[in-house]
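As a plain string of letters, each chain reads:
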Amino acid sequence: MSRPASALFSAALDALARLSFGAAGAALAGIVGLYVLEVGLRYFFAAPTTWSQEWIGYLLLAVIFLAAPDITRRGAHIAIDLLAERLAPERGRLLARLGAALGALVAGSAAAIVSGEAWTQAERGVMTNAAHPIPRFLLTTIIAYGLGVSALFFLRRVVGERVRNAASSEPGA
Amino acid sequence: MSWPFALGGATGLLAAVMLAGAPVFIAFLTLNLAGLSLLIGPRGFGLFANSLYQTATSSSLAAIALFVLMGEILFRSGAIEILFDSIDRLIGRVRGRLYVVTIALSTLFGALSGSAVAVAAMLGRSLLPSMAARGYDRRLAAATILSGASLAPIIPPSLLAIIVGSMADVSIAGLLIAGVAPGIVLAALTLGYVALRVARGAPAGRVEEGRPPAAGSAALAEAAADRPQAPRLTVARALLNLAPFSLTVFAVMGLILLGVATPSESAATGVVGACLTAAVFRRFSLAMLREALASTVTIAAAILLIICSAKLFSQLLSFSGATRGLVELAGASALGPDLTVLVMMLIPLILCMFIDQIAFMLLAIPIYEPIVESLGVDPILFWTLFLINLTVGSLTPPFGYTLFALKGAAGGALNSADVFRAAWPVVGLFLTGMALFWFAPGLVLWLPGLL
């Protein structure tokens with residue numbers, strides 16, 4: 001029996017989040033490398049780069065927004081659960097779903113707004129304000145990706161884990 | 001819309017969404033999207049996207065991720081365990097020595113990790129049960145853990161100091177270095193309190209012949225306690241073990257003080273220093289590095305996402321007129337700088353019992369910054385006191401994340417009443433220290449003045 005399309009989509013979403021989380025880790029390693037390179041070139045060779053600071057900024061953006069979907073998938077965001085801890089389990093679950101619904105709505109809206117901006121930047125050929133500019137829509141698209149895929153994971157939490165369960169309960173899954 | 005109504009509505013909405021358990025970054029995004037819609041409309045959407053972009057590409061914030069990575073490498077490599085053994089050996093076999101070890105270790109851990117909650121949880125699980133088993137007073141032991149861990153936001157490298165510095169337009173290097181002396185004074189106050197309690201008969205453990213336990217894990221600690229003939233480090237060996245670790249400390253603090261590296265760069269050199277330290281101890285591996293990177297990305301991205309989401313709030317506050325209104329209110333009040341600062345310190349003390357330190361900082365800094373400027377108070381002094389105050393808020397009973405972390409980690413070793421009773425003296429010590437720093441500002445401002 002073939003797996004439902006929703007389960008396949010859900011599994012693909014998980015894989016995408018894990019992949020981009022790995023890319024975020026590589027970006028973090030890149031930040032360390034660039035800083036050390038900059039200090040070394042400046043103090044040992046008196047030859048500071050003109051591009052490392054801006055690329056550290058780009059990589060930091062990548063760390064944050066490429067990691068965001070997987071952090072949302074794992075429910076690892078910083079949250080204040082003072083109230084939820086004091087509620088009965090059933091009410092706590094209801095509150096968690098309400099929070100996830102708000103997360104889906106807000107992150108989805110933010111992703112839509114940022115996507116629109118990325119489109120406008122691409123149309124107008126907006127570049128980053130840097131010594132070595134690059135097309136800004138590339139970076140804005142990463143923000144939209146992080147928020148958009150996070151919104152999908154919030155949405156999945158609202159509808160419950162049924163889709164994931166369906167995927168994992170299939171024979172051979 | 002009048003600014004008190006806007007400000008009240010904004011903080012109310014933020015508190016409601018946070019208390020409902022939604023992620024903090026979602027609470028800020030909700031607030032900002034609602035604020036934009038009400039104050040500016042769709043024309044402000046560009047401002048929203050730009051705010052996320054500008055904050056996320058701010059390279060000074062990279063230090064947050066790098067400091068977390070440095071701590072992760074030291075913890076995961078086991079280099080810290082070697083350090084524990086060395087410090088424990090050097091302090092000697094005096095009565096109550098593990099209280100001193102706890103203060104030293106939690107202070108060091110706090111400085112390196114920047115997280116009071118993480119240190120309280122780690123030592124609560126590892127050191128506390130062993131101390132209780134060795135005849136130490138559990139509450140006094142818990143107090144030393146709470147005190148040392150709570151120095152995390154104060155002693156450099158401090159993540160919170162970097163966030164405050166970047167948001168309040170204060171020298172990050174100055175703010176980091178300013179935390180050194182207050183951190184030492186607060187640790188000394190705690191030591192004095194412990195010495196007084198031990199002198200007055202508080203249980204202070206047995207003098208043992210065996211090797212003191214490593215603090216890295218409870219299992220190790222208990223195994224060491226049951227191992228009377230375990231090989232004991234010589235003083236020379238203990239000193240030798242400390243040498244590689246000083247590489248990391250120098251790579252961070254030394255390079256900032258020498259003017260070789262900026263705080264962000266020193267965080268990166270600190271990562272290299274941590275890798276070298278682990279390598280000298282033969283604890284470095286690519287698998288460990290991969291785990292450290294993955295854990296760091298989770299922690300750092302979650303924090304940075306909140307900062308990115310919250311940045312627009314300060315702009316909206318200005319747009320609504322709230323910032324100007326608050327400044328005028330502070331300027332018009334007849335309280336004077338001392339009482340105004342006292343009021344400004346009472347607010348985080350109370351609020352940080354309930355809400356996350358970072359979330360509160362992001363809310364308060366845009367409001368406080370112009371008031372501090374109008375009062376003419378030295379910004380380094382004010383924000384250092386503010387950082388100490390944040391940490392006091394999170395260890396003041398009955399709420400506070402540091403308390404919850406210690407209680408959860410200690411399990412059956414401590415009940416809530418024990419934790420609360422352990423916390424009150426620490427709160428008192430920190431408030432005493434704050435008063436001291438306010439009336440003797442040279443303690444805070446001397447080191448930054450040398451930069």
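It should be emphasised that the depicted structure is a prediction, and the values quoted were computed from it without experimental measurement.

Colleague: Mind showing me how you'd approach the overall build of chain A here?
Modeller: Helix and strand counts for chain A stand at 6 helices and 0 strands. Going from N to C terminus, chain A has its helices and strands arranged as α-α-α-α-α-α. Going through the 173 residues of chain A one by one, you find that 43% of them count as buried. Summarising the internal contacts of chain A: among those between residues at least 6 apart in sequence, 74% fall at separations of at least 24. When the accessible area of chain A is evaluated, it comes to approximately 8,700 Å², of which 66% is carbon and sulfur surface.

Colleague: Help me understand a nonpolar patch on the surface in this model?
Modeller: Residues and elements named next belong to chain B. A cluster of nonpolar residues, Leu-335, Leu-339, Leu-342, Val-343, Leu-346, Ile-347 and Ile-350, forms a patch on the protein surface that exposes about 590 Å² of accessible area. With respect to the helices, strands and loops of the structure, Leu-346 is situated in helix 17 (residues 336–351). Classification of Leu-346 as partly exposed rests on a relative accessible area of 41%.

Colleague: Which parts of the structure should I look at to understand the packing of aromatic side chains?
Modeller: The way to describe two aromatic rings as a pair is by their centre distance and the angle between their planes. Tallying each qualifying case throughout the model produces 8 aromatic pairs over all chains. A ring pair is formed by Phe154(A) and Phe25(B), whose centres lie 6.4 Å apart and whose planes are at 35°; its orientation type is tilted. Taken together, the residues span two chains, with Phe154(A) in helix 5 (residues 136–158) and Phe25(B) in helix 2 (residues 24–39). Between Tyr99(B) and Tyr136(B), the aromatic rings sit 5.0 Å apart at their centres with planes inclined by 90°, giving edge-to-face as the arrangement. One end of the pair, Tyr99(B), is in helix 6 (residues 97–113); the other, Tyr136(B), is in the loop between helix 7 (116–133) and helix 8 (138–149), with 37 residues separating them in the sequence. Judged by relative accessible area, which is 0%, Tyr99(B) ranks as buried. Relative accessible area serves as the criterion here: at 6%, Tyr136(B) is assigned to the buried category. Ring pairs connect the aromatic residues Tyr368(B), Phe382(B), Trp383(B) and Phe386(B), which therefore count as one cluster. When the ring centre of Phe21(A) is taken as reference, the NZ or CZ atom of Arg74(A) above it lies at 5.0 Å. The ring of Tyr53(B) carries Arg136(A) above its face, with NZ or CZ at 4.0 Å from the centroid.

Colleague: How should I be thinking about the environment of Ala16(B) in this particular structure?
Modeller: Structurally, the position occupied by Ala16(B) is in helix 1 (residues 3–19). Taking the relative accessible area as the measure of exposure, Ala16(B) reaches 46% and is therefore partly exposed.

Colleague: Please clarify how the interface of chain A and chain B should be interpreted in this entry.
Modeller: Each partner contributes residues to the interface: chain A has 51 residues there, and chain B has 55 residues. Counting the surface lost from both chain A and chain B, the interface buries some 4,500 Å², and carbon and sulfur atoms represent 80% of this. If you look at where chain A meets chain B, you find 1 salt bridge. For Arg42(A), the salt bridge identified is with Glu265(B), shortest N-O distance 2.5 Å. Where chain A meets chain B, there are 8 residue pairs in polar contact (both at pLDDT 80 or more). Looking at which element gives the most residues to the side of chain A that touches chain B, the answer is helix 1 (residues 5–44) of chain A, with 13 residues. For the side of chain A that touches chain B, the per-class residue count stands at 37 nonpolar, 8 polar and 6 charged.

Colleague: Can you help me understand the nonpolar core in this one?
Modeller: The nonpolar side chains of soluble globular proteins are, as a tendency, buried together. In this structure, Leu147(A), Phe48(B), Ile163(B), Phe382(B), Trp383(B) and Phe386(B) are the most contacted members of the largest nonpolar core, which totals 189 residues. It is helix 15 (residues 286–320) of chain B that contributes the most residues to this core, 17 residues altogether. The contact partners of Phe382(B), leaving out residues within four places of it in the chain, are Val341(B), Met344(B), Met345(B), Tyr368(B), Val372(B) and Val377(B).

Colleague: Would you mind showing me how to read the side chain of Ser52(A) here?
Modeller: Residues and elements named next belong to chain A. When you line up the elements, Ser-52 lands in helix 2 (residues 52–73). With relative accessibility at 1%, the residue Ser-52 sits in the buried group. Dropping the residues within four chain positions of it, Ser-52 is found in contact with Leu-34 and Glu-38.

Colleague: Would you take a moment to explain helix 22 (residues 442–449) of chain B for this structure?
Modeller: Along an α-helix, residues three or four apart share an orientation, since each turn contains 3.6 residues. Residues and elements named next belong to chain B. Of the positions making up helix 22, those classed as buried are Val-444, Leu-447 and Pro-448. Along the axis of helix 22, the buried positions cluster into a sector of 100°, meaning they face one direction only. Residues of helix 22 that are exposed and point over 90 degrees away from its buried face: Trp-446 and Gly-449. On the buried face of helix 22, the contacting elements are helix 10 (172–178), helix 11 (180–199), helix 19 (379–393) and helix 21 (416–439).

Colleague: Help me understand unusual backbone geometry in this model?
Modeller: What you tend to see is this: most non-glycine residues have negative phi, and most peptide bonds are trans. Residues and elements named next belong to chain B. Even without being a glycine, Asp-169 presents a positive backbone phi close to 55°. Mapped onto the elements of the fold, Asp-169 is located in the loop between helix 9 (159–167) and helix 10. Here Asp-169 falls in the exposed class, since its relative accessible area comes to 67%. You will see that Arg-282, though not glycine, has its phi angle at about 60°, which is positive. Within the secondary structure, Arg-282 sits in the loop between helix 14 (263–280) and helix 15. Accessibility expressed as a relative area gives 78% for Arg-282, which makes it exposed.

Colleague: How should the pattern of salt bridges be read in this particular structure?
Modeller: If charged atoms from side chains of opposite charge come close, those side chains can pair. Residue and element names in this part refer to chain A. Applying the stated criterion across every chain yields a total of 7 salt bridges over all chains. A salt bridge links Arg-42 to Glu-38; the nearest nitrogen and oxygen atoms lie 3.7 Å apart. Of the two residues, Arg-42 and Glu-38 are both situated in helix 1; the distance of 4 residues between them amounts to about one turn of the helix. Of the residues examined, Arg-42 reaches a relative accessible area of 23% and is grouped as partly exposed.

Colleague: Sorry if this is basic, but what is going on with the packing of helix 2 of chain A against helix 5 of chain A here?
Modeller: If you want to describe how two helices pack, look at the angle between their axes and the distance between the axes. All names here are of chain A. Packing of helix 2 against helix 5 leaves a shortest axis separation of 8 Å and a crossing angle of 10°. The angle between the axes of helix 2 and helix 5 places the two elements in the roughly parallel class. Side by side, helix 2 and helix 5 meet where Tyr-58, Leu-61, Ala-62, Phe-65, Leu-66, Ala-68, Pro-69, Thr-72 and Arg-73 of the first sit next to Leu-139, Ile-142, Ile-143, Tyr-145, Gly-146, Leu-147, Val-149, Ser-150, Phe-153, Phe-154, Arg-156 and Arg-157 of the second. Across the contact of helix 2 with helix 5, the residue classes break down as 15 nonpolar, 3 polar and 3 charged.

The rules behind each value
Within each chain, residue numbers correspond to sequence positions counted from 1 in written order. Here every chain gets a letter starting at A, and every ligand a number starting at 1, in the order they are written. Only residues with pLDDT of at least 70 get local features here, since the model is predicted, and only at 80 or more are side-chain atom pairs given and counted; chain-wide, interface and lining totals rely on the full set of residues. Only hydrogens and water are removed before side-chain values are computed, so all heavy atoms of the structure are retained for them. Helix and strand assignments follow DSSP, with helices taken as H or I runs no shorter than four residues and strands as E runs no shorter than two, numbered in order from the N terminus. Any residue under 20% of the maximum accessible area for its type is buried, any over 50% is exposed, and the rest in between are partly exposed; the area is computed with a 1.4 Å probe on protein chains only. Contacts: residue pairs with any heavy atoms within 4.5 Å of one another. Every accessible area reported is derived by Shrake-Rupley at a probe size of 1.4 Å, with residue values counting cover from the shown protein chains alone. Patch definition: residues above 30% relative accessible area lacking any salt bridge, with like charges linked at up to 9 Å and the nonpolar side chains Val, Leu, Ile, Met, Phe, Trp and Tyr linked at up to 5 Å. Within this document, salt bridges are pairs made up of a side-chain nitrogen of Lys or Arg and a carboxyl oxygen of Asp or Glu, the two lying within 4 Å of each other. Any two of the Phe, Tyr and Trp rings considered here, Trp counted by its six-membered ring, make a pair once their centres fall within 6.5 Å; the pair's planes then place it as stacked at under 30 degrees, edge-to-face at over 60, or tilted in between. The criterion for a charge sitting over a ring is simple: Lys NZ or Arg CZ within 6 Å of the ring centre, and within 35 degrees of the ring normal. Note: buried area is the sum, over both parts, of the accessible area (probe 1.4 Å) each one loses when the two are combined. Contacts described as polar in this section are N or O atom pairs within 3.5 Å, which, within protein, must combine one atom able to donate a hydrogen with one able to accept it, while residues neighboring in sequence count only if both atoms come from side chains. As a working rule, the residues Ala, Val, Leu, Ile, Met, Phe, Trp, Tyr, Cys and Pro are called nonpolar, Asp, Glu, Lys and Arg charged, and the rest polar, with Gly in that last group. By convention a nonpolar core is built from buried Ala, Val, Leu, Ile, Met, Phe, Trp, Tyr and Cys residues, the set being connected through side-chain atoms within 4.5 Å. As used here, the arc is the angular range of directions from the helix axis to the C-beta atoms. Angles here are taken between N-to-C directions and fall from 0 to 180 degrees, while the axes themselves are lines fitted to C-alpha atoms, restricted in helices to the stretch in contact. Should an angle lie under 35 degrees it is considered roughly parallel, over 145 roughly antiparallel, and from 65 to 115 roughly perpendicular; all remaining angles are considered oblique.

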